[in-house]
Every structure is written in structure tokens, then in C-alpha cells.
Amino acid sequence: TAAMSEGTVDDRYLQLQWRMTLSGLAVTLIPLWLLGAAIYLYFASAVEQDQRSQLRALALNRSAAIQLFLDERVSTLEVLAHTASRDDLTAPGELRNVLDILNESQHSFVDLGITGANGEHLAYEGPYSLEDRNYGGEPWFEETLQRGVHISDVFLGFRGVPHFVIAIRREDRPEPWILRATIDFEVFIRLVRSGQVGLTGDAYIVNRAGLFQTPPRFGGGILEKAPFNTNIAPPGVNVVFRETRDAGRIMSAFAWVASKDWLLVIDRDPAEPAVPLKQTLRIELIALIATSLLVGGAVIFHVRQLVSRLAAEDANRVRTEAQLAH
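Before going into details, it helps to say that this report is about the structure given with it. (Residues numbered from 1 in each chain as written. Predicted model: local features only at pLDDT ≥ 70, side-chain atom pairs only at ≥ 80, totals over all residues. Heavy atoms only, no water.)

## Brief notes about the sheet that holds strand β5 (residues 177–183)
At step 1: Strand order in the open sheet formed by five strands is β2-β1-β5-β4-β3, and the pairing between neighbours is antiparallel. Looking along the sheet, the strands with just one partner apiece sit at the ends: β2 (121–125) and β3 (149–151). Between one strand axis and the next, the sheet turns by 15° as a mean value, whatever way the strands run.
At step 2: Where strand β4 (residues 165–170) meets β5, six bridges bridge the pair, whose relative direction is antiparallel. Each bridged residue has a counterpart across the sheet, and for Arg 169 the counterpart in β5 is Ile 178.
At step 3: Of the strands in this sheet, β1 (109–116), β3, β4 and β5 touch helix α4 (residues 139–147), which is tilted by about 40° from β4. (Pairing = 2+ DSSP bridges. Helix = DSSP H or I, 4+ residues; strand = E, 2+ residues; numbered from the N terminus. Axes fitted to C-alpha atoms, helices over the stretch in contact; angles between N-to-C directions. Contact = heavy atoms within 4.5 Å.)

What follows is the structure, given as C-alpha cells:
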């Protein structure tokens, strides 16, 4: 009976020790880990906001650069169309001289053409044999006759290679004529791709219909359909998270180009610039684990000491009561 009573007592102290240990660990470690989680979430939110701000500023800067590029070429062609007469520009060799002068400073014009109101070439200077081509019925030609100034979407045209043109209408007698210039596509692509950031970043342009106007680095080609609807990009500059073709997640900045219905897209893998955050998480986990081990060890040690003292005092009390009873 005494042995059973002693075993019961030992079990009682063991249960008490476990309850006190678990309570002590919960009271000390749960707030510690909650604090660590709160700190991590705060830093993660701060890093994401910083990424958004950087990407938004980059998209704003690059869209402004593209806008300036287009405005400068339009202004140059407008000045040329309204200061030189049709007879001057169609004189033998004159268009060659003009093209050389334009490319001395800007290096962005592939060819120049003077087109009559019926679409016939009056003069052409460039690397292609387009002198006998008639542009009547071409979308860019019709738009220029109606609006006076037109920047086309990227198209293949008679030359069979992707390009876009800027065309200016000049009102003249007996009929209006059009000055058309093809923009150096490689120069324009380099300008757009200057917005790429990081090893996996991308920068490209799509039109309102969602067709690539410049080639992306990953997945897709010129005039192919982009993997998203341009309706997700409201006016102005916006940064959103979207899914990729391979079910991944990417951060994209959208910026509409003011003078042309083009959407500049700058993609960035949100995990790539988050290396400092991962390092912070690793350091935080190491610190939390080390602190938890120290705190847990201290709690277990003190609980065992406390239960041992309690058991000793109880045993003392039992012996004193037994002596008193005797």
C-alpha cells in the first residue's frame, strides 16, 4: 500500500511538472514567435511596397522616354513637311540628303517617302525597293489623311518585316501629300528594353488589342497575343500582381503612352529583389530558435527545481505529521 501511495505521489508530481512546463513554455514562447511573425510581415510588406514604388517610378520614367522619343520624331517630320515644298523634297537626291541630315543627330530613321493623295509614291529613299508601291487603302495612310498626324502600330507591310511609321499630312495645291518615315525598330526596341531590371526582368509594348509591338524576352513574339487583357491596366501608371503562362506570379507595371495607344509593360519577379528579405528571415529564424532553446531550457530547469522543492517540502510535512501522530 505504501508503494502504491508513493507511486501515486510520484505520478502526481510528474503530471504537475509537465503541466507547469507546458504552461511556462506557452506563456514565454507563443508571444515570442508571434512577435517574430509580426516583424517579418512588417518587413515583407515594406519590401513589397518598396518594389512597387521602384517599379512604378521606372515605368513612369520609361514611358516618358518613349513619349519623348515619339514626340521628337513627330516634331522633326512636321517641321520638315511644313518648311519644304513637295517639289523640293521630290527633286532627285534631295530626300537622300534630308535622310542623311536627320540621321546625323538622331540615327533613328530607316527611310523617307513622299506619297500623293492617291497613295502613289512621289519619291522614296531607303534600303527597300518601294518606289512603285501604292499605299492607298493601307490603315496608316487612311488615318494620316483623316487626322493629319499618325503613328502606326507595328505591322509587316510590303517589306515583310516588323516596323512602324510616322506620317505627316501636308495641305498643298492641287492636293495634299504625305511625308512618311519608317522608324529604326532596333533603336526603339533598345529604348523599350532599357526598362528591364534584374536577371528575369522584362519590358515590352502591347497595343490596345493586346498584340506585342516589341518582342518580350520570355514567351511570345512580335504581333502575337499577350497573355493578359489590356483592360486590367487603367489609365496612368499602375503596378499589379498577375499570373504567368506557367501559373507563376509576377509583378507588372503598366504605363500607357500618351501620344499613342500603346501600353508599356515592365515585368519583375517579386522573388528576385527579395534576397535581403530572405536573409532577414533566415537571421530571424536562427535568433528565434536560439532564444526559444534558451528560454525553454530555463523554464524546464526552474520548473524541475520548483517541483523538486515542493516534493521535498511535502515529504518533510508527511514525516513531521507522522512523528506528531506517533
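## Some words on the pattern of salt bridges
At step 1: A complete count under the given rule lists twelve salt bridges for this structure.
At step 2: Here Glu 321 ties to Arg 317 by a salt bridge, and the two come within 3.4 Å at their closest N and O atoms. With Glu 321 and Arg 317 both in helix α6 (residues 275–325), this residue pair falls four residues apart, about one helical turn.
At step 3: By relative accessible area, which is 43% here, Arg 317 ends up partly exposed. (Salt bridge = Lys/Arg side-chain N within 4 Å of Asp/Glu carboxyl O. Buried < 20%, exposed > 50% of the residue type's maximum accessible area, 1.4 Å probe, protein only.)

## Comments concerning the side chain of Arg 73
At step 1: Note on placement: Arg 73 falls in helix α1 (residues 2–83).
At step 2: Overall, Arg 73 belongs to the buried group, its relative accessible area being 6%.
At step 3: Residue contacts for Arg 73: discarding those within four places in its chain leaves Gln 106, Ser 108, Phe 109, Ile 166 and Ile 183.

## Focus: the environment of Leu 122
At step 1: Summarising the element assignment, Leu 122 is placed in strand β2.
At step 2: It is 104 Å that separates the C-alpha atoms of Leu 122 and Gln 305, two residues lying 183 residues apart in sequence.
At step 3: Setting aside chain neighbours within four positions, we find Leu 122 in contact with Arg 86, Thr 90, Ile 114, Thr 115 and Gly 116.

## Structural notes on the side chain of Asn 207
At step 1: The topology assignment puts Asn 207 in strand β6 (residues 202–207).
At step 2: In this view, Asn 207 contacts Asp 153, Gln 213, Thr 230, Asp 261 and Trp 262; residues no more than four positions away in its chain are not counted.

## A look at the nonpolar core
At step 1: Counting residues in each nonpolar core, the largest one holds 48 residues, and the members touching the most others are Ile 66, Leu 70, Leu 112, Phe 164 and Phe 188.
At step 2: No other element matches α1, which puts eleven residues into this core.
At step 3: Beyond its immediate stretch of four places on either side in the chain, Phe 188 contacts Ile 66, Phe 69, Leu 70, Phe 164, Ile 205, Thr 214 and Trp 262.
At step 4: By size, the runner-up hydrophobic cluster in this structure holds ten residues, among which are Tyr 204, Phe 212, Phe 228 and Ala 233. (Core = buried A, V, L, I, M, F, W, Y, C linked by side-chain atoms within 4.5 Å.)

## Some details on unusual backbone geometry
At step 1: In this model, Arg 173 is joined to Pro 174 through a cis peptide bond whose omega is 5°.
At step 2: Non-glycine residue Leu 223 carries a positive phi angle of around 70°.
At step 3: If you trace the backbone, Leu 223 turns up in the loop between β6 and β7 (237–243).
At step 4: Take Leu 223: its relative accessible area is 30%, and that puts it in the partly exposed class.

In short, shape yes, function no, at least from these values alone.
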